[in-house]
Every structure is written in structure tokens, then in C-alpha cells.
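# Observations on the model geometry
So the chains spell out like this:
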Amino acid sequence: MPALFFNIIKLLYLLMLFLFLWQLARAIRSHVGSNPGAQTEGTAAELVVLTGDSETERVRIRPQGHVIGRSPDADIRISDPYSSEFHTRVGIQDGQVVVHDLGSTNGTYVNGRRVTSPTSVSRGDTVQIGKTILEIR
Amino acid sequence: MTRRAESGLIVAAALVAAMGVAIVEFTKGNWLDAQVALTFLVFAGSFGGVQLGVIRWTSGASSLLLPIASFLTAIGFVEIYRINPDAAAVQRWSIMVACLVGLLVLWVLRDTGVAVLRRYRYVLLFVGVGFLLLPLLPETWAIHGATVNGSRLWVRVTVPGTARVLSFQPGEIAKVLITVFLASYLAERAEAMSVVVRKIGPFKIPEPRHLGPVFIAAGAAFVILIYQKDLGASLLLFGIFVAMLYIATGRTFYVIAGVVLASAGAFAAYQTFDHVQRRVQAWLDPFGHFSDAGYQTVQGLFAMGSGALTGSGIGLGRPHLIPAATTDFIFAAIAEEMGLAGALAVLAGFSLLVAVGFGVAIRSRDRFRKYLAGGLTIVIALQALIILGGVLRLLPITGLTLPFLSYGGSSLIANLTIVALLLRISHEERL
């Protein structure tokens, strides 16, 4: 049965390739997703989801930032039909909270004005993504 | 993912390579031999070595890049070993050298970060352009260009005192240097270049003088096309320019201008050069040109077709029949012996690599790093697209290596350099 034997070896090898890719893809999923262990002190600014369909959330902004969007892999997920999968990144740069639109379709608005380049915001400012309003506190 | 999981995957990729070699030997009737162990050691040692460098100098770097790179290299290596074991022996050296170069990049940038590259951008540009032009050196010099398969992109160096000849493709390294230059140039100019001064219909037109770079790109690509007859490199270089302009400005205008210029250039080239004409005809009707220009494409199509879903099995197909089966057409050889399944595994590997690369770009904080990560990712993505398009007959065939998989030291060194730079950038993003 050499033909059958070779066939089995061939399929096993292909299986090995896909097992490898599957492991990788799983790792990438968690890489894109949130990273809860990495909270550090620093600016104690918080990001509060005020309106929209998502349950109201309140997170302390961590230095490496949060990606906000509709994707299940976004750090802060908002179920807003007008939001892009990965819409905006809110992070801290030189001690300031910076809002950074990630090339979203419908844009990110800070205090009602559309922003296209990284914009620093301070407490009390609002960030609008689709119909969802977030406030920096 | 933890470093532990990363090492696990690197070992797994080394196993993929070693198992492949074992299967090839087995189909020849040999049981396990030294080649299997040697392959495993080379892969685990080289990529593991780079990982040690990562742990030492860029501890915050993404742990996803190295496993993907070693996986793609492993699949390519198996197919090279199957087609030509002697070439595979050389490829093993290339892998070790390329990983050393990767380590070297990590070490050089250990304190300064990639930001230091901005300071030397014009040096990098001149070196890059110089590398591109190097193959034009006359044949009588000690360092001279050489024409292979009608394209002048090789440089040969005669080692003094001996008859040994080293050959390499400087264009592979040049594309990385030019990408670094573009990233730093655009990091300073992008803002001005995205300012809209007028509108024509739905198109927003930036100030005309900002179009300069697009024309320079088109010009450079055209020079390569004319003097080196290298369609692939010319298309790749132009594509990198346009894509990076788009990344930096977000203006579709640059893409449209690029496509218009490229189409005009392609049409002019088709009218003027018969080597371009032959390629296009071989693309449109490969079976009609079976005996000459279409032969390679047709053999590639037969190979992929005969591979079906799971392939003939490694060592059981006839990839020898495809011209350049270890370099440009390695994808056809893989599709023949590992089938659609193996070919999709390769494509999945590239997709994941590109996804991780763009992820690094999105997460970087300053413009330079963002454009650099994006640009380097585009180099790999575009190069893979152009050559895969050629092999699959979606595009005319333009000779380029398939990153990581193809046989060739220059290509591997360039790709590992790209991986090292991406690792460094992903580390800095977390600082």
C-alpha cells in the first residue's frame, strides 16, 4: 500500500501547516484584542461612553491606548452602525490624552469638529464616533 | 502571545522544514538522514537566534512576526530542497546569514531606535539609488553587472586572488533603503501634501508642486524599465511610492494620478519595447506562445492544475518542468506538490504577516514609524502580489522573487531586514 501510505503522509503534512496557522491566528486575535494586564499609573484620565447602544463603559486611559470600534477585537467595543471596525484610537502621549482617527469612514468629531490628525484633548471634551458620544473625565 | 509561545512556533516552523526534508528523502527511498537534523538545527538556530536578540534588545516587540517569517521560509525551503538539494544547501547558508543581518539591525538600533534612520535619510537614498544602478557597471570591472534572462539586475564580484564569484541582486536591498527614505521624507511633508487647494469635479487636487515626488517615482521606475529591462522591480518601486503617498496623505488623488501615470507608462512601454510586448502576448495567450514566451506560464498553469486539492505529495510531482521553479515560480511548484491546500497556507501566511505589519503601523505613535512600518509591509505585500499575479496569470509575468519562499540570499537578507525593522518599531510603540 505505498500509494495510500504516501497519501496519508501528504495529508498529515498539510494538517501540520494548518495547525501552525491556526495557532498563529489565535495569537493574533488576542494581540488585536484588549490587554487587561497592562494598566499603569500616569494620567488618571478616564474615558466614559455616554450614549449609544453599548452598555455605558468607563475605563481609565492606559498609556498604550485603546482602539475604539465596532469590531469584536476593538479594545472598547461600541455597537454603533455608523462606527468603523477600528474607528479611533485614544491614547496618552507626553502626558496628554490624544485622539487619533484610524481612517474611519464617518470620521471622529472632537467637540463637534471633525479631526483627521492626532488631536490632544483635555478633560470635559467630548469625542463623537457615529452616534456614540464619549467624554474624557 | 508570550515569548514562550513564540519559541514554540519557531520550533514548530523548524519542524515543518525538517519534516518536509524527511518526506522528500523518504520518496527517494532513504530513511531519516543527516539532512533532516541539519535543517531542523539551522532553522531553530537561526530564527531562535533572532528571538534571543529580540529578548535582549527589543523586549516589547511583537511576537508574531518571527514565527510567520520562519514558517514561510520553511515551506519555501522544503520545495527548494525537493527541486534541487544543492541549491537548498546554499539556501541554508543564506538563511543563517539573513538571520545574522536581522540580528545586526536589532543590535545597531538597540539604543537609538529607528528614529536615527531619519538623520541619515539622504545617505540611505543615495546608497539605495546607487544599489539600483550597480548592475549597469560594465562587464570588464572587478565588480560588474550581469544580464540574466534578459534582465540586468545581478552584480558579480570576483573575490580577489581567487576565481570565486559572488553574485547578488542589489535591487532587493535598495527597495528597503528607499522605503526608509520615503517614510522620513513623507513624515515631514505629508501635512503640506494633503492640503487641498482646488477641486476639479469630485477630485481634490493638492498644490501642483507636491506632485513632484509622483513624477520622480514614475521617472525612476521608467529608467529601471528601460536600462535594466526589469519589469517587476520597476512596477514594485512605483507601487511603493504611490502606496506610501496614499498612506501619508490619505488623498485618493495620488492613487488616481499614480494609476493614470502607470497606465500611460505601461502603454508607452508596450508600444516601444518588444520584451514588454512579448510578456503581454504571453500573458493574453500563453498557449499560443507555448514554444517561446508563454512556455513558463503554461508550465506553471499545468503544474498548479495537476496539483488539485491536496497536491501530488512532496517529492512526487514534476516541478522540474517549470522554468525558474525555485525562484519566481516557486508558488507553482508548491501548488503542484502541496495542492490548493498548501498554496492557501502560503497565502494565509502572507495575509497574517501583512495584517501584523499594518497593525504595527496603526499602533505606532509618530508619523515616521507609522509610515515606515506601513511602507515595509507594503513592500512585502506588493512584491508577493505582483509575482503571484504573474504565476496565476492575473498579471503579465514580471520577474520578482516571492518574499521568504524563493531561493536567493539577497532576497532573504532584505526580507529579514524588513522583519527586524518591524520588530524594532513594534517595540518602540510600547515604550
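So, how was this worked out
Residues numbered from 1 in each chain as written. Chains lettered and ligands numbered in written order. Predicted model: local features only at pLDDT ≥ 70, side-chain atom pairs only at ≥ 80, totals over all residues. Heavy atoms only, no water. Helix = DSSP H or I, 4+ residues; strand = E, 2+ residues; numbered from the N terminus. Buried < 20%, exposed > 50% of the residue type's maximum accessible area, 1.4 Å probe, protein only. Areas by Shrake-Rupley, 256 points an atom, 1.4 Å probe, with all protein chains shown as cover. Salt bridge = Lys/Arg side-chain N within 4 Å of Asp/Glu carboxyl O. Contact = heavy atoms within 4.5 Å. Buried area = accessible area lost by both parts, 1.4 Å probe. Polar contact = N/O pair within 3.5 Å; in protein donor to acceptor, adjacent residues only side chain to side chain. 1 Å grid on protein atoms, 1.4 Å probe; cavity = no way out; pocket = protein on both sides within 12 Å on 5 of 7 lines; lining within 4 Å. Points joined across faces, edges and corners; volume = space filled by probe spheres on them. pLDDT = per-residue confidence, 0-100. Axes fitted to C-alpha atoms, helices over the stretch in contact; angles between N-to-C directions. Parallel < 35°, antiparallel > 145°, perpendicular 65-115°, else oblique. Left-handed = near helix turned anticlockwise from the far one by under 90°. Nonpolar A, V, L, I, M, F, W, Y, C, P; charged D, E, K, R; others polar. Domains from an automatic or database assignment. Phe/Tyr/Trp six-rings, centres within 6.5 Å; stacked < 30°, edge-to-face > 60°. Lys NZ or Arg CZ within 6 Å of the ring centre and 35° of its normal. Expected span 1.5 Å × (residues − 1). Patch = residues over 30% accessible without salt bridge, like charges linked within 9 Å, V, L, I, M, F, W, Y side chains within 5 Å. Pairing = 2+ DSSP bridges.

### What about the overall build of chain A?
Within chain A, the regular secondary structure consists of 1 helix and 11 strands. Moving toward the C terminus, one meets the helices and strands of chain A in the order α-β-β-β-β-β-β-β-β-β-β-β. Taken over 137 residues, chain A has a buried fraction of 43%. Just so you have it, chain A exposes about 7,300 Å², and 53% of that area is on carbon and sulfur atoms.

### Points about the pattern of salt bridges
Residue and element names in this part refer to chain B. Inspection of the entire model under this criterion finds 13 salt bridges over all chains. Among the salt bridges present, the one from Glu-6 reaches Arg-3, with a minimum N-O distance of 2.6 Å. Of this pair, Glu-6 and Arg-3 both sit in helix H1 (residues 3-27), separated by 3 residues, roughly a single helical turn. Judged by its relative accessible area of 0%, Glu-6 is buried. Residue Asp-274 is joined to Arg-278 by a salt bridge in which the shortest nitrogen-to-oxygen separation is 3.7 Å. In this pair, Asp-274 and Arg-278 are both assigned in helix H11 (residues 274-284), 4 residues apart and thus about one turn of the helix distant. Salt bridges linked by common partners bring Asp-366, Arg-369, Arg-424 and Glu-428 together as one network.

### Re the interface of chain A and chain B
With 23 residues of chain A at the contact, the number on the chain B side is 36 residues. For the pairing of chain A and chain B, the buried interface totals around 2,900 Å² over both sides, and the portion due to carbon and sulfur atoms is 78%. For the pair chain A and chain B, the number of links is 0 salt bridges. Along the contact surface separating chain A from chain B lie 3 residue pairs in polar contact (both at pLDDT 80 or more).

### Re the layout of surface pockets
Size it by volume and the second largest pocket reaches roughly 1,300 Å³. Considering the residues around the second largest pocket, the lining is formed by 35 residues, among which Gly-103 and Thr-116 of chain A together with Ile-247, Thr-249 and Gly-250 of chain B are closest to the centre. Going through the elements one at a time, strand E6 (96-101) of chain A together with helix H7 (170-193), strand E5 (203-206), helix H9 (231-249), helix H10 (252-272), helix H13 (330-363) and helix H14 (367-391) of chain B are the ones with two or more residues in the lining of the second largest pocket. Here the element with the most residues in the lining of the second largest pocket is H14 of chain B; it accounts for 5 residues.

### Section: the confidence of the model for chain B
With 94% of its residues at a pLDDT of at least 70, chain B reaches an overall mean of 87. Scored by ipTM, the complex comes to 0.84, with pTM at 0.79.

### Considerations on the packing of H9 of chain B against H10 of chain B
Residues and elements named next belong to chain B. The geometry of H9 relative to H10 is characterised by a closest axis approach of 8 Å and an angle of 165° between their N-to-C directions. With respect to H10, the axis of H9 lies roughly antiparallel. You can see that H9 and H10 cross each other, and the crossing is right-handed. From H9, Phe-238, Val-242, Leu-245, Tyr-246 and Thr-249 reach across to H10, where they touch Thr-252, Tyr-254, Val-255, Gly-258, Leu-261 and Ala-262. Considered class by class, the residues forming the contact of H9 with H10 number 8 nonpolar, 3 polar and no charged.

### Some thoughts on the domain arrangement of chain B
Residues and elements named next belong to chain B. Segmenting chain B into domains produces domain 1 (3-108) and domain 2 (115-428). The gap between the C-alpha centroids of domain 1 and domain 2 is 24 Å. Tallying the contact residues gives 39 residues for domain 1 and 38 residues for domain 2. Of the roughly 3,300 Å² buried where domain 1 meets domain 2, counting both sides, 79% is carbon and sulfur surface.

### Section: the packing of aromatic side chains
According to the stated counting rule, one finds 12 aromatic pairs over all chains in the structure shown. Where Phe-20 of chain A meets Phe-71 of chain B, the ring centres are 4.5 Å apart and the plane angle is 5°; that geometry is what we call stacked. Linking Phe-20 of chain A in helix H1 (residues 2-32) with Phe-71 of chain B in helix H3 (residues 65-83), this pair reaches from one chain into another. Connected via pairs of aromatic rings, a cluster forms that spans Phe-43, Phe-47, Phe-77 and Tyr-81 of chain B. The ring of Trp-22 of chain A has Arg-26 of chain A lying over it, and the distance from NZ or CZ to the ring centre is 5.1 Å.

### Digging into H14 of chain B
All names here are of chain B. With 25 residues, H14 extends 35 Å between its outermost C-alpha atoms, agreeing within 8% with the 36 Å of an ideal straight helix rising 1.5 Å per residue. With respect to burial, H14 is a largely interior element, 22 of its 25 residues being buried. You can read the cap of H14 off the contacts: a side-chain oxygen lies 3.0 Å from the backbone nitrogen of Phe-368, and it is on Asp-366. Downstream of H14 by a residue or two, Arg-393 has a phi angle that is positive, lying close to 65°.

### Description of the confidence of the model for chain A
Residues and elements named next belong to chain A. Averaged over all residues, the pLDDT of chain A equals 78, while 84% of them reach at least 70. Confidence, expressed as mean pLDDT per element, reaches its minimum in chain A at strand E2 (residues 58-60) with 77 and its maximum at strand E7 (residues 108-110) with 88. In this model, residues 34-43 is a region of pLDDT below 50 whose contacts with residues beyond four sequence positions or in other chains number 10 contacts.

### Quick word on unusual backbone geometry
Glycine aside, the phi torsion of most residues is negative, and most peptide linkages are trans. All names here are of chain B. In this structure, Ala-324 takes a positive phi of about 60° despite not being glycine. Here Ala-324 is to be found in the loop between helix H12 (295-307) and H13. You can call Ala-324 partly exposed: its relative accessible area is 33%. Even without being glycine, Phe-404 reaches a positive phi, approximately 70°. Relative to the helices and strands, Phe-404 is located in the loop between H14 and helix H15 (409-429).

### Re a nonpolar patch on the surface
Residue and element names in this part refer to chain B. There is a patch of nonpolar side chains on the surface, built from Val-129, Leu-133, Leu-136, Phe-222, Val-223, Ile-226 and Tyr-227 and spanning about 560 Å² of accessible area. If you tally residues by element for the nonpolar patch, the top one is helix H8 (residues 212-228), at 4 residues. In this fold, Val-223 is placed in helix H8. Taking the relative accessible area as the measure of exposure, Val-223 reaches 38% and is therefore partly exposed.

### A word on the sheet that holds strand E2 (residues 151-158) of chain B
Residue and element names in this part refer to chain B. Taken together, the 3 strands give an open sheet; going across it, the order is E1-E2-E3, and neighbouring strands pair in antiparallel fashion. Strands with a single pairing partner mark the edges of an open sheet, and in this sheet they are strand E1 (143-148) and strand E3 (165-168). Averaged over neighbouring strand pairs, the angle between their axes works out to 35° when direction is ignored. As paired elements, E1 and E2 share 5 bridges and run antiparallel to each other. Considered in E2, the bridge of Ala-146 is made with Trp-154.

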